Amino acid sequence: MADLTSVLLSGIICGLLLHISKYEANVNKSSRKPNFIIILADDIGWADLDANLPETKNNNTPQLNLMAEQGLRFTDFHSPASTCSPSRAAILTGRYGLRNGVTHNFAVGSVAGLPLSEVTLPQLLQRSGYYTAMIGKWHLGHNGPYRPNRRGFDYYLGVPYSNDMGCTDVPGYNLPRCLPCDSLRRSRHDGCYSKVALPLIENTTIVQQPLNLWRLTEQYKSAATRIIQNARAQGQPYFLYIALAHMHVPLAPPVGASATNDNKVYAASLQEMDDLVGAIKRISDETDRDNTLIWFTGDNGPWEQKCQYAGSVGPFVGKWQTSRGGGSAKRTTWEGGHRVPTIAYWPGRISANNTSSALLSGMDIFPTLLSLANVTPPADRRYDGIDASNILLKGEKNGHEVLFHPNSGAAGTFGYLQTVRMGRYKAFYLTGAAEACGGATGRPQIHNPPLIFDLQCDKAEETPLEVSTPEYQEVVKQVIRRREVLFWDIATDESVSTANYNTDKSAAPCCDPQQAICRCDTQCPLISPQS
């Protein structure tokens, strides 16, 4: 009898210990802060993602297609601006350029960057115990306190700006063709800047100048692998921001790979980027699959004036504009300029193989990640992004009621919010002045009353509503009211920042000023103004 009692007690104790162990494991799992990987693709078209247009039967993005099958694909997601620096600033601050001060791109010789009064997403996560790292294109200031390591990132590897803003020995494909560094015709011409070689920077050190564009993908992959594995080994949550410029100036496949004619160069670069995304996803899945959110999106639409070296906008062609001359993609507020392919992947938290038509913006990444990390943003400023965590995790449908698209280098004043999206409708107060393939630019036109399109019936933005119709009159009243509310809100916002866009030749990152194009063969500290 005693032996039976002992056995029963032993069984009960083992059961209790097992139950407690499982309970503690669940508590630990639920109390762990999630990891975040944000992947930002440069100059990518909405239709570059095969999953957005499956009827085309392309096979350029099999890894992203798989991510979409296993996660949530957004069909109405927008970059915060239609050019590089403003879009990136808005993503990292959750604020329109009129608030954060970044309304157009910074230059090679820029002395400053994203205003220091702005608080960034990595800074807030870093303060909350996250390991923060960035790989790729920064373009928010490369001098002194404006560098990534001074804006919240523990580690940085990448290029300080776009990959056509410095010469390389073997340039990517471009229109017009960019010259190698050693060319005697070193000058700035039609978008190619070659007075200073393009540097690869690790933290505050130039590790190569000029860098080798053709090795960047492998270098980025190695860095991402190391970051993810080290953070996991340390038991520390991480925020990894990867900004890929494969489509900005595309590269052809390596020698011996598929054909490299002009029509396949862009596709080859897209495929290489897709392979890299797939590799990063596999590394994440192998280390902490159920506790990592991967969010893929774009900084703006394709660079239309690059012709065969630009991506595809799909049905969002901006016909009203293209029929009058000029571009309707990057730098514009037509859908092709800011509607970007977007996928969120988080096994066990985000339902697989779903789509969302919620109206969202890259600005929403800021409040959403802070919410998921249980971090409260500073209360001394106003934000324009919304917390989309319930859209990601619970399938809620409601996004922005209204979203504004800033002038991004075509017509009008930089950053001014002259295009308004409200539900199915979109109103333009200003159009024109962006260059199309072939060089044509439509003349700038002010529209008062605004052009209003019904995107539900007219994705191509071809035929605006008739001004005299009751539908137009009702919509325009709401648009006017919403604009007035936002403009007043920004005008009375004491947290508005102003960016310094001054330039100086000495501000360019230069490893060895004594050498032509700053060429150097050894690593050197990044020396520049405000170091």
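These numbers come from a predicted model, not from an experiment.

### Side note on the overall build of the chain
Next, step 1: A tally of helices and strands in the chain yields twelve helices and 17 strands.
Next, step 2: By the compact-globule yardstick of 24 Å for 531 residues, the chain fits well, its C-alpha radius of gyration being 24 Å.
Next, step 3: Structurally, the chain occupies a C-alpha span of about 100 × 70 × 50 Å along its principal axes.
Next, step 4: When each of the 531 residues of the chain is scored for burial, the buried share is 58%.
Next, step 5: Residue pairs at least 24 apart in sequence account for 72% of intrachain contacts in the chain once pairs closer than 6 positions are excluded.
Next, step 6: Roughly 22000 Å² of accessible area belongs to the chain as shown, and the carbon and sulfur atoms make up 50% of that amount.
Next, step 7: Where the 49 positive side-chain charges of the chain centre and where its 49 negative ones centre are 2 Å apart.

### Some remarks on helix H12 (residues 470-491)
Next, step 1: Compared with the 32 Å implied by 1.5 Å per residue over 22 residues, the 32 Å span of H12 between its first and last C-alpha is a close match.
Next, step 2: Of all the residues in H12, the buried ones are Tyr472, Val475, Val476, Val479, Arg483, Leu486 and Ile490. Taken around the axis of H12, the buried residues stretch over an arc of 100 degrees, which confines them to a single face. Seen from the buried face of H12, the exposed residues on the opposite side, beyond 90 degrees, are Pro470, Lys477, Glu484, Val485 and Trp488.
Next, step 3: Taken together, the buried residues of H12 touch helix H4 (97-100), strand E13 (402-406), strand E14 (417-422), strand E15 (425-431) and strand E16 (445-454).

### A short note on helix H6 (residues 216-234)
Next, step 1: Here H6 spans 27 Å end to end across 19 residues, near enough to the 27 Å set by a 1.5 Å rise per residue.
Next, step 2: Those residues of H6 that sit buried are Leu216, Thr217, Gln219, Tyr220, Ala223, Ala224, Thr225, Ile227, Ile228 and Ala231.

### Overview of the sheet that holds strand E7 (residues 205-208)
Next, step 1: Taken together, eleven strands build an open sheet; the order of strands is E11-E2-E10-E9-E1-E8-E4-E5-E6-E7-E17 and the sheet is mixed. Bordering the open sheet on either side are strand E11 (354-356) and strand E17 (524-525), each of which pairs with just one other strand.
Next, step 2: Summarising the sheet, strand E4 (residues 131-136) and strand E8 (residues 238-244) pair through six bridges and their orientation is parallel. In the strand pairing of E8, Tyr131 is matched with Tyr238.

### Regarding the pairing of E14
Next, step 1: For E14, a buried count of six out of six residues is recorded, marking the element as mostly surrounded by other parts of the structure.
Next, step 2: Pairing between E13 and E14: five bridges, direction antiparallel. Bridge assignment links Val402 to a residue of E14, and that residue is Met422.
Next, step 3: Judged from the four bridges that link them, E14 and E15 form a sheet pairing that is antiparallel. Note that in E15 the partner of Arg421 across the bridge is Lys426.

### Describing the pattern of salt bridges
Next, step 1: Scanning the entire structure with this criterion turns up 23 salt bridges.
Next, step 2: Residue Asp76 pairs with Arg421 through a salt bridge whose shortest N-O separation is 2.7 Å. Here the residue Asp76 occupies a position in the loop between strand E2 (72-74) and strand E3 (77-78), and Arg421 occupies one in strand E14, the gap between them amounting to 345 residues. Judged on exposure class, the residue Asp76 and its partner Arg421 are both buried.
Next, step 3: Ionic pairing is found between Glu335 and Arg339, a salt bridge with its closest N-O pair at 2.7 Å.

### Structural notes on the side chain of Lys330
Next, step 1: Counting through the fold element by element, Lys330 comes out in the loop between helix H8 (319-322) and helix H9 (335-338).
Next, step 2: Within the local environment of Lys330, its side chain forms a polar contact with the side chain of Asp43, the two groups lying 3.1 Å apart.
Next, step 3: Excluding anything up to four places from it in sequence, Lys330 contacts Asp43, Ser82, Thr83, Cys84, His248, Asn300, Gly301, Pro302, Trp303, Gly336 and Gly337.

### So, the environment of Asp50
Next, step 1: By the secondary structure assignment, Asp50 is in the loop between strand E1 (35-41) and helix H2 (62-70).
Next, step 2: The spatial distance from the C-alpha of Asp50 to the C-alpha of Val340 is 13 Å, given a sequence separation of 290 residues.
Next, step 3: Those residues in contact with Asp50 that lie beyond four places of it in its chain are Asn58, Asn59, Asn60, Thr61, Pro62 and Asn65.

### Digging into the environment of Pro122
Next, step 1: Along the polypeptide, Pro122 turns up in helix H5 (residues 121-127).
Next, step 2: Each C-alpha atom of the pair Pro122 and Pro470 lies 47 Å from the other, and the pair is 348 residues apart in sequence.
Next, step 3: Once residues within four sequence positions are removed from consideration, Pro122 is found in contact with Leu92, Thr132, Arg151, Gly152, Phe153 and Phe239.

### Focus: the packing of H6 against helix H7 (residues 262-288)
Next, step 1: Between H6 and H7, whose axes approach to 10 Å, the crossing angle comes to 15 degrees. It follows from the interaxial angle that H6 and H7 lie roughly parallel. Two packed elements cross with a definite hand, and for H6 against H7 that hand is right-handed. Between H6, through Thr217, Tyr220, Lys221, Ala224, Thr225, Ile228, Gln229 and Arg232, and H7, the contact on the second element is made entirely by Glu272, Leu276, Ala279, Ile280, Ile283, Ser284, Thr287 and Asp288.
Next, step 2: Its residues assigned to classes, the contact of H6 with H7 comprises seven nonpolar, five polar and four charged.

### Structural notes on the environment of Ala352
Next, step 1: With respect to the helices and strands, the residue Ala352 is situated in the loop between strand E10 (342-345) and E11.
Next, step 2: With 54 residues separating them in the primary sequence, Ala352 and Gly298 have C-alpha atoms 21 Å apart.

### Regarding the pairing of E16
Next, step 1: Judged by how many residues are buried, E16 sits mostly within the fold: seven of ten residues are covered.
Next, step 2: Pairing between E15 and E16: six bridges, direction antiparallel. Residue pairing for E16: Ala427 is matched across the bridge by Ile452.

### Examining the state of the cysteines
Next, step 1: Counting across every chain of the model gives four disulfides.
Next, step 2: Two residues, Cys167 and Cys181, share a disulfide whose sulfurs are 2.1 Å apart. Its S-S torsion of about 105 degrees marks the bond between Cys167 and Cys181 as right-handed, since a negative value means left-handed. Taken together, the positions of Cys167 in the loop between strand E5 (155-158) and strand E6 (200-202) and Cys181 in the loop between E5 and E6 put the pair 14 residues apart, joining distant regions of the chain. A single burial state applies to Cys167 and to Cys181, both of which are buried.
Next, step 3: Looking at the unpaired Cys84, the closest cysteine sulfur is the one in Cys178, lying at 14 Å.
Next, step 4: For Cys84, a relative accessible area of 1% translates into the label buried.

Thresholds applied
Residues numbered from 1 in each chain as written. Predicted model: local features only at pLDDT ≥ 70, side-chain atom pairs only at ≥ 80, totals over all residues. Heavy atoms only, no water. Helix = DSSP H or I, 4+ residues; strand = E, 2+ residues; numbered from the N terminus. Rg over C-alpha atoms; globule rule 2.2 N^0.38 Å. Buried < 20%, exposed > 50% of the residue type's maximum accessible area, 1.4 Å probe, protein only. Contact = heavy atoms within 4.5 Å. Areas by Shrake-Rupley, 256 points an atom, 1.4 Å probe, with all protein chains shown as cover. Lys, Arg positive; Asp, Glu negative; His and termini not counted. Charge placed at Lys NZ, Arg CZ, Asp CG, Glu CD. Expected span 1.5 Å × (residues − 1). Arc of directions from axis to C-beta. Pairing = 2+ DSSP bridges. Salt bridge = Lys/Arg side-chain N within 4 Å of Asp/Glu carboxyl O. Polar contact = N/O pair within 3.5 Å; in protein donor to acceptor, adjacent residues only side chain to side chain. Axes fitted to C-alpha atoms, helices over the stretch in contact; angles between N-to-C directions. Parallel < 35°, antiparallel > 145°, perpendicular 65-115°, else oblique. Left-handed = near helix turned anticlockwise from the far one by under 90°. Nonpolar A, V, L, I, M, F, W, Y, C, P; charged D, E, K, R; others polar. Disulfide = S-S within 2.5 Å.

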